[in-house]
Amino acid sequence: MFVGVDGAPVTSFPDPPYTTIPTAPRIREKPFLFVDDAGQWSVFRPALRRDTRGASWAGGHAPGDAIPLSHFLIVHPGTSAAAINGAIAQGRHILFTPGIHRFAEPIRVDRPGTIILGLGLATLVADNGTALMRIGDVPGVTVAGLLFDAGAALSPVLLQVGRRGGARDDGRDPVLLSDLFFRIGGATVGKVDTALEINRDHTIADHLWIWRADHGDRRHGKVHVGWDESTAEQGLVVNGDDVTIYGLFVEHFRRHQVLWTGDRGATYFFQCELPYDPPSQSAWRADDPKGWAAYKVADTVRRHDAVGLGIYANFTADPSIVLRSAIEAPQRPDVTFASVTTISLGGGKGTIAHLVNDTGAAARPGADRQTLRHYPVEEGHKR
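Residues numbered from 1 in each chain as written. Predicted model: local features only at pLDDT ≥ 70, side-chain atom pairs only at ≥ 80, totals over all residues. Heavy atoms only, no water.

Trainee: Explanation requested: unusual backbone geometry in the structure shown.
Mentor: Of all residues except glycine, most have a negative phi; of all peptide bonds, most are trans. Cis rather than trans, the peptide bond between Asp288 and Pro289 has omega equal to 5 degrees. The linkage connecting Tyr375 with the following residue, Pro376, adopts the cis geometry, with an omega of 0 degrees. By the element assignment, Pro376 lies in the segment after β28 (369-375). Phi is positive for Leu121, close to 50 degrees, though the residue is something other than glycine. For Leu121, a relative accessible area of 42% translates into the label partly exposed. Non-glycine residue His207 carries a positive phi angle of around 80 degrees. For His207, a relative accessible area of 23% gives the class partly exposed. (Helix = DSSP H or I, 4+ residues; strand = E, 2+ residues; numbered from the N terminus. Buried < 20%, exposed > 50% of the residue type's maximum accessible area, 1.4 Å probe, protein only.)

So, in structure tokens, the structure goes:
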């Protein structure tokens, strides 16, 4: 999957399985720490680009602005959420140093243009069932380079972008989420309802890995996984309109991996492994439709585009489990999917009956890989 990449091969999915989009419709690259010739440390925030191709710095100095490091609060493990929130309220940006940062109340980002930047995969851990970060209805916020880790007490959400039903946004200065990781379980017990909720219109996300632990070596008590141990219902919920996501990875949640209710959304590359550990079909919805679609677009959505989707089943606890559709979406001409793959892994542990709604053959034992070029299906492109 290539988006706005010079020299990319032409689209030939599924054989060979290349898909190329000539330009990225809207993108802002991640801020980065640098030191200039005078020894001044700063953070550079690249400018928003539209319909772009190639690296922003290919022709020399990239557009954007440099912010002196003195404008940042340097956060070390043990810094309180209250101290961080106070610094944001005073107009400072936040730089997390590498380490484990535990919080019993949310970090609240209510100032436009605030940068929250992590170094060395700085890890934020939720204590006492708190949300880790809530971004208000403000433009231009950037959150990048962090791992959000659920705690043992159930949190409603780890990162919330914009308030539900909040103020509309015109898209001139969108929120950016870049290189963010979400973990529920594994190293410790983790519990959350939804890992990431995006309510802010025009949000851009570039590389999200949203993961629930559902398998591993449980000997010696070092891996905390299990259908009823590390629980998480949904990976990503998108309620905002005009949200664009590049490089979306969501795995192993107990219900929908992605639930998209906002209009005019777009995803460029989606990789998803369904949960390994549903103990039975009845535990993972046995009525019609069977199972929980990995990528669910709400019936109210009028337009949606997703390109380059791979969805895999590996139901090790009960290989007889069936998922009716990898993707469920309204049957409208402006709701489209392209370059879709389903696979039954592990020699056929489980069945995905269709790729999109009732379209496409089953990925199952004996026929473990299926592809679909386009949905709605175009004449002459049945696969």
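Trainee: It is not clear to me how the sheet that holds strand β4 (residues 32-35) should be interpreted in this structure. Could you clarify?
Mentor: The pairing of strands in a sheet happens through backbone hydrogen bonds and is either parallel or antiparallel. Pairing within the open sheet is antiparallel, and its 3 strands lie in the order β4-β5-β7. Each edge of the open sheet is held by one strand with a lone partner, namely β4 and β7 (64-68). With direction set aside, neighbouring strand axes in the sheet form an average angle of 35 degrees. The pairing of strand β5 (residues 41-46) with β7 spans 5 bridges and is classified as antiparallel. Residue pairing for β7: Pro46 is matched across the bridge by Gly64. (Pairing = 2+ DSSP bridges. Axes fitted to C-alpha atoms, helices over the stretch in contact; angles between N-to-C directions.)

Trainee: Please explain helix α1 (residues 81-89) as it appears in this structure.
Mentor: Along an α-helix, residues three or four positions apart point the same way, because every turn accommodates 3.6 residues. Buried within α1 we find Ala81, Ile84, Asn85, Ala87 and Ile88. Axial view of α1: buried residues confined to an arc of 160 degrees, hence all on one face. On its buried side, α1 packs onto β8 (72-75), β9 (93-96), β10 (100-103), β11 (107-109) and β12 (115-126). Of the residues trailing α1, Gly91 is marked for its positive phi of about 95 degrees. (Arc of directions from axis to C-beta. Contact = heavy atoms within 4.5 Å.)

Trainee: How should I be thinking about the environment of Val335 in this particular structure?
Mentor: Relative to the assigned elements, Val335 resides in strand β26 (residues 335-344). Sequence spacing of Val335 and Asp288 is 47 residues, and the spatial spacing of their C-alpha atoms is 22 Å. Residues within four places of Val335 in sequence aside, it is in contact with Val301, Arg302, Arg303, His304, Ala329, Pro330, Tyr375 and Pro376.

Trainee: Whenever I open this one, the pattern of salt bridges confuses me. Can you help?
Mentor: Note that side chains of opposite charge can pair when their charged atoms are close. Considering all chains together, one arrives at 23 salt bridges under this definition. With a closest N to O distance of 3.3 Å, Arg200 and Asp169 form a salt bridge. Taken together, the residues Arg200 in the loop between β17 (191-198) and β18 (204-212) and Asp169 in the loop between β15 (155-161) and β16 (176-184) connect sequence positions 31 residues apart. By relative accessible area, which is 4% here, Arg200 ends up buried. The salt bridge involving Asp170 is made with Arg172; its shortest N-O contact spans 2.7 Å. Residue classification places Arg172 among the exposed positions, given a relative accessible area of 68%. Salt bridges linked by common partners bring Arg168, Asp201, Asp241, Asp242 and Arg264 together as one network. (Salt bridge = Lys/Arg side-chain N within 4 Å of Asp/Glu carboxyl O.)

Trainee: Please explain the nonpolar core as it appears in this structure.
Mentor: The nonpolar side chains of a soluble globular protein tend to be buried, and buried together. Counting 79 residues, the largest nonpolar core has Phe96, Phe148, Leu177 and Phe337 as the members making the most contacts within it. Apart from residues lying up to four places away in sequence, Phe148 is in contact with Leu124, Leu132, Met133, Val143, Leu158, Leu159, Leu180, Phe181, Phe182 and Arg183. Grouped together as the second largest cluster of nonpolar side chains are 8 residues, Ile27, Ile204, Tyr246 and Ala266 included. (Core = buried A, V, L, I, M, F, W, Y, C linked by side-chain atoms within 4.5 Å.)

Trainee: Teacher, can you tell me more about the environment of Ala283 here?
Mentor: Position of Ala283 among the secondary structure elements: in the loop between β22 (265-273) and β23 (295-297). The partly exposed category is assigned to Ala283, whose relative accessible area is 35%. Sequence separation between Ala283 and Ile321 is 38 residues; the distance between their C-alpha atoms is 10.0 Å.

Trainee: I keep staring at the pairing of β5 and nothing clicks. Help me out?
Mentor: A regular strand carries its side chains on alternate faces of the sheet. The element β5 is extensively covered by neighbouring structure, given that 5 of its 6 residues are classed as buried. Pairing of β4 with β5, which is carried by 4 bridges, proceeds in the antiparallel orientation. Looking at β5, one finds that Phe32 is bridged to Phe44. Turn length for the β4-β5 hairpin, with the two strands adjacent in sequence and antiparallel, is 5 residues, and the turn residue Gly39 shows positive phi of about 85 degrees.

Trainee: What's the story with the packing of aromatic side chains in this structure? I'm lost.
Mentor: Two aromatic rings, taken as a pair, are described by how far apart their centres are and by the angle between their planes. Taken as a whole and judged by the stated rule, the model has 14 aromatic pairs. Linked through ring pairs, Trp260, Phe270, Tyr295, Phe337 and Tyr375 together constitute an aromatic cluster. For the cation-ring pair, Arg254 lies above Trp227, with the distance from its terminal atom to the ring centre recorded as 5.0 Å. Note that Arg285 overlies the ring of Trp292, its terminal NZ or CZ placed 3.9 Å from the centroid. (Phe/Tyr/Trp six-rings, centres within 6.5 Å; stacked < 30°, edge-to-face > 60°. Lys NZ or Arg CZ within 6 Å of the ring centre and 35° of its normal.)

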